[in-house]
Amino acid sequence: MFEKLGKFVSRFWVLIICVWIAIFAALFNAAPNPDTVFKQGEFAFLPEDSPSRVAEEIFREAFPDDILASSVVLVVRRPSLDSELDQKDKDYIHNDLVPALEAFGVYSHDENVEPPQLEPWQQELQDHYSKIPVVGVVGFAEGETLLLTEKEQAVIYRIRDWMHPRIGHLLGSEDGRASLILIDLETEFVEDVNIKLIYKIEKIREILKEQTDEEFRLPESLERLRIPPGLELSLSGSATVGRDMRVAMWESARNTEFATFWLVLILLLLIYRAFFLAIIPLLTVALSVSVSMMFLMVLADHGILSLFKDIETYVTVLVYGAGVDYCLFLISRYKEELDRGATYDEAISNSISKVGAALAASAGTSSGGIGMMAFAEFGKFQQAGIAICISLLICLIAALTFAPALLRLAGKWAFWPHMKTERVGQVGWFAPTSLIGKLIESGLVDRLWAGITERIRQTPGKIWVWTILAMTPLAIWGVLNYNNLSYGLLSELPSEKMSVQGAKAVAEHFPEGTSGPVIVVLRNENVNFSESETVDLIGKLSKRIEQNKDELGVADIRSVAAPTGISAIARAEEKKVQQEIDAMTPGERLIANRLRNKEIRDYFLSKSEKYKDSVTKLEIVFQNDPFSRDSIADFVSFRHSLRELVDQFDADVKKQQDELRKELEAEGETLDEPLPEIDQTEIFVLGSTASITDLKNVTDRDQIRIDVLVLTAVYVILVILLRKPKICLYLLATVFFTYFVSLGVTFVVFYLLDPAGFSGLDWKVPVFLFTILIAVGEDYNILLITRIEEEQENRGLVEGTLLALRKTGSIISSCGIIMAGTFCSLMFGTIVGMQQLGFALAFGVLLDTFIVRPILVPAWLLLLYRRQFGPFSTLLGAPPVADTSDSQPTSNENNSPPT
């Protein structure tokens, strides 16, 4: 097959270049706007039957007028320990700061009221905003100003401050030094539209603090809007965290693409020292990435698959790493054919014919392994598996068609500026004019690999044992910390980000869970939650939770029985309200109580036709950050205890019905209809912590599923290619061992970089590291084993193994360095998780390239071929008779170039 392909490419190389250009142009024309096909969010990729997503659906049906999305939290505080917010500060918040936000475009939908009419001074402020341009910020159009667009205004649901009638008392801190302003949004916390909105709010903060250019400072007529001295304004909330995550991901993607290109270019120039030989692989992989992404977007536009926002980063890194390796092997064989006297057409045809099968096997192993992610539950893993698999196959086709066509187009100019002879010589796999070629020609590289092979020949057992012993402690550390993962978004961000600073400000005055309360929905069709007796039982349930709040990590509970919560400030507010009601006349008191009860019940009880009075909700504020691992542990404990507490509630309801039935029977009365049997009350829990917990549970299951599928798929492919099941099992074990060593080293390195702030590896690292390392790592083993089989035909088992190691040493090491270099580009981003993944992948590839492939694999094979495992040798895959041909190689053998 590859022989025919080689002849076709060598003959119709002009047509092939034209076809690739046509494909690129057609896809460029057909590809939709990325914003219309890329799916945003994080929790949107959870399976639809995840408990938190089911809970969200129930909540939307039961409370259609409420909002489930994200929020921007403005923290207004006096940092000084001996300074509290006074009435002037509170008046500034309500009378100046909030109206300034309304003039900016933030408006309230609370209670279904129309947006407020702007006063003259607000209109003047709006005119001032309209003059301030936004410059150099991702997502903004040229000439755009601070005023909100219609789309941005549409995502804002309401704004609430300390004067809000229902929750205003909850927005003040118990120490009296801080107050919150909540801007509720209708978007999920990581959607791109939030980027522009929050940036503009930040600019308003700078203007009010006079931290802006002179020409944009507030006019004297609006001087009262300036933030009073000593008052500090910070931004927090889930939407602010999401904005910083989106910007950091964009910066990481940009830096990764930039670093990938230049790292690969520099490495290729060092290897070849020929400009066009370096450019041809880059053009090939750049075309592969562009065609792949446009093709994927077209498929997504037609509903064939889904794509998440950051998939291009993963595709770029893997295609660059794999694609350059493919081109490196192709070019090496191409130069070898020219050195033998072939014409350019013959060299193209022969090189494709000879390396095509190896490259297809390599791409098949990588695609087959990574493609197993398509069977994951989590949507991002599924999409990554499919997208990367498709992209690698497109890259393989480009490497076998477009790259050789470019070589044929370049002709002798491919080797510029070294074109003094008609035929370009070669030393091993490299041009003699290249840096590595000169090293090879000097004998240094050859002596290095000859020394390695000689040491393995003499003491393979000792080398194998000591290598394993040296790596084992790190592997054990990787196993022990396998589940020590971070799901916190703030821990992913640099400390100077606004959301990180804002979160610290919130934590100094409020429970960290204030910005992301958990909502508990109770549903029981046979219970009327509006009855006063049932409300009392809800109060009893809340009291039980309160009694265990320290154990459960709960800071506050709000319910229909305790709408203001259990905090000291909430109870003081409740007492104050009750005193005001008690001071009224009996008639006013009756009306006030009824209005207040209606407001409370409308908020905590469902009024939808489907769930009227059969659904109620509780709001739980945890002590820890909603995205932290501690909060996940608290939530799991809380959810387990909640089932027991709600069962006690059900028992109380049944007991209440039994007492009612007995009272009626004692009075000789009967019910018109029998009381319904009380079924177990259903519990649905939603909120950031609930979603993060589901994310952890789903990805934990996916980790096991993907591990098994990837190992199985790669093993089957290895057996098909190499036809040695027992040796293939060992090859798989070496890469599996490398995975845990890499995991352990990564854990140690990032802990030492930040001992105080390190909370574990990012949750995506183990899955992507395992899948990519297992799939890509086996490529080099395949290349080594196939060359070993080729040499063993003439040299015998032992000598063939050692000779193959010497001959493949330079090229496989170079490929490993290039692959590791592309993975290192992930470390140039600002997202900690991407940095961790880039380091782990680069270290794993280098470990596999320089330790596993040249030491653990040949040493093991020599022990097998010499039957030094005794009676277990046959079981481990050794031939029936030991190979004793351990003669020293001749000088010619040591220095002969690869064939």
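Fair warning: this is a prediction, and the values are worked out from it, not measured in the lab.

Rules behind the numbers
Residues numbered from 1 in each chain as written. Predicted model: local features only at pLDDT ≥ 70, side-chain atom pairs only at ≥ 80, totals over all residues. Heavy atoms only, no water. Helix = DSSP H or I, 4+ residues; strand = E, 2+ residues; numbered from the N terminus. Buried < 20%, exposed > 50% of the residue type's maximum accessible area, 1.4 Å probe, protein only. Contact = heavy atoms within 4.5 Å. Areas by Shrake-Rupley, 256 points an atom, 1.4 Å probe, with all protein chains shown as cover. Phe/Tyr/Trp six-rings, centres within 6.5 Å; stacked < 30°, edge-to-face > 60°. Lys NZ or Arg CZ within 6 Å of the ring centre and 35° of its normal. Axes fitted to C-alpha atoms, helices over the stretch in contact; angles between N-to-C directions. Parallel < 35°, antiparallel > 145°, perpendicular 65-115°, else oblique. Left-handed = near helix turned anticlockwise from the far one by under 90°. Nonpolar A, V, L, I, M, F, W, Y, C, P; charged D, E, K, R; others polar. Salt bridge = Lys/Arg side-chain N within 4 Å of Asp/Glu carboxyl O. pLDDT = per-residue confidence, 0-100. Pairing = 2+ DSSP bridges. Expected span 1.5 Å × (residues − 1).

Here's the deal with the overall build of the protein
- The number of helices and strands found in the protein is 28 helices and 12 strands.
- By the burial criterion, 57% of the 899 residues in the protein qualify as buried.
- Considering only contacts in the protein between residues 6 or more positions apart, those separated by 24 or more positions represent 79%.
- Looking at the protein as shown, the accessible area adds up to about 38000 Å², and 57% of this sits on carbon and sulfur atoms.

Describing the packing of aromatic side chains
- Applying the stated criterion to the full structure yields 29 aromatic pairs.
- Note on Y730 and W860: the rings are 4.2 Å apart at their centroids and 5 degrees apart in plane angle, and the pair reads as stacked. Pair noted here: Y730 is in helix α24 (residues 725-753) and W860 is in helix α27 (residues 832-865), with a separation of 130 residues, a long-range link. Each member of the pair, Y730 as well as W860, is classed as buried.
- Taking the centre distance of 5.0 Å and the plane angle of 85 degrees together, the rings of F747 and F758 count as edge-to-face. Of this pair, F747 sits in helix α24 while F758 sits in the loop between α24 and β12 (761-762); the two residues are 11 residues apart in sequence, bridging distant segments of the chain. Here F747 matches F758 in class, with each residue buried.
- Each member of the aromatic cluster is reached from another via a ring pair, and the members are F45, F308, Y314, F378, F381, W763 and F768.
- Seen from the ring of W162, K90 lies directly overhead, with NZ or CZ sitting 5.9 Å from the centre.

Quick notes on the packing of helix α11 (residues 311-339) against helix α13 (residues 379-410)
- Between α11 and α13, the shortest axis-to-axis distance is 9 Å and the interhelical angle comes to 30 degrees. Comparing their axes, α13 and α11 come out roughly parallel. In terms of crossing hand, the pair formed by α11 and α13 is right-handed. Mapping the contact onto sequence places I311, Y314, V315, L318, V319, A322, G323, Y326, C327, L330, I331 and Y334 in α11 and Q383, A384, A387, I388, S391, L392, C395, L396, A399, A403, P404 and L407 in α13.
- Of the residues in the contact of α11 with α13, the class split is 21 nonpolar, 3 polar and no charged.

Considering the pattern of salt bridges
- Applying the stated rule across the entire model yields 34 salt bridges.
- In this structure, the salt-bridge partner of R701 is E377, at a minimum N-O distance of 2.8 Å. Of this pair, R701 sits in helix α23 (residues 688-722) while E377 sits in the loop between α12 (344-370) and α13, and the two are 324 residues apart along the sequence.
- For E377, a relative accessible area of 23% gives the class partly exposed.
- The shortest N-O distance in the salt bridge between R558 and E619 comes to 3.1 Å. Here R558, found in strand β9 (residues 554-558), pairs with E619, found in strand β10 (residues 615-622); they are 61 residues apart in sequence, far enough to count as distant.

Focus: the confidence of the model for the protein
- Confidence in the prediction for the protein averages 81 pLDDT; 90% of positions are at 70 or higher.
- Summarising per-element confidence for the protein, the mean pLDDT is lowest in helix α28 (residues 891-895) (39) and highest in helix α2 (residues 13-30) (94).
- The low-confidence segment residues 420-436, where pLDDT is below 50, has 56 contacts with residues more than four positions distant or belonging to other chains.

Observations concerning the packing of helix α25 (residues 765-795) against α27
- Across the interface, α25 lies against α27 with an axial gap of 9 Å and an inter-helix angle of 30 degrees. For the element pair α25 / α27, the angle class is roughly parallel. Seen from above, α25 lies across α27 with right-handed handedness.
- Here the contact of α25 with α27 is built from residues that sort into 16 nonpolar, 7 polar and 2 charged.

Observations concerning the side chain of S606
- Relative to the assigned elements, S606 resides in the loop between α21 (586-604) and β10.
- Residues in contact with S606, not counting those within four places in the same chain, are A62, F63, Y611, K612, D613 and V615.

A few points about the sheet that holds strand β11 (residues 682-686)
- If you walk across this open sheet you meet the 4 strands as β9-β10-β8-β11, and the pairing is antiparallel. Whereas interior strands pair on both sides, the edge strands pair on one side only; in this sheet they are β9 and β11. Recorded for the sheet is a direction-independent mean angle of 25 degrees between the axes of neighbouring strands.
- Of the strands in this sheet, β8 (518-523), β10 and β11 touch helix α4 (residues 51-62), which is tilted by about 100 degrees from β11.
- Where α21 meets the sheet, its contacts fall on β9 and β10, and the angle it forms with β10 comes to roughly 85 degrees.

Digging into helix α8 (residues 193-208)
- With 16 residues, α8 should cover 22 Å at 1.5 Å per step; its first-to-last C-alpha distance of 24 Å lies within 8% of that length.
- In terms of burial, α8 is a largely internal element, 15 of the 16 residues being buried.
- With its phi angle positive at about 60 degrees, E210 sits one or two positions after the end of α8.

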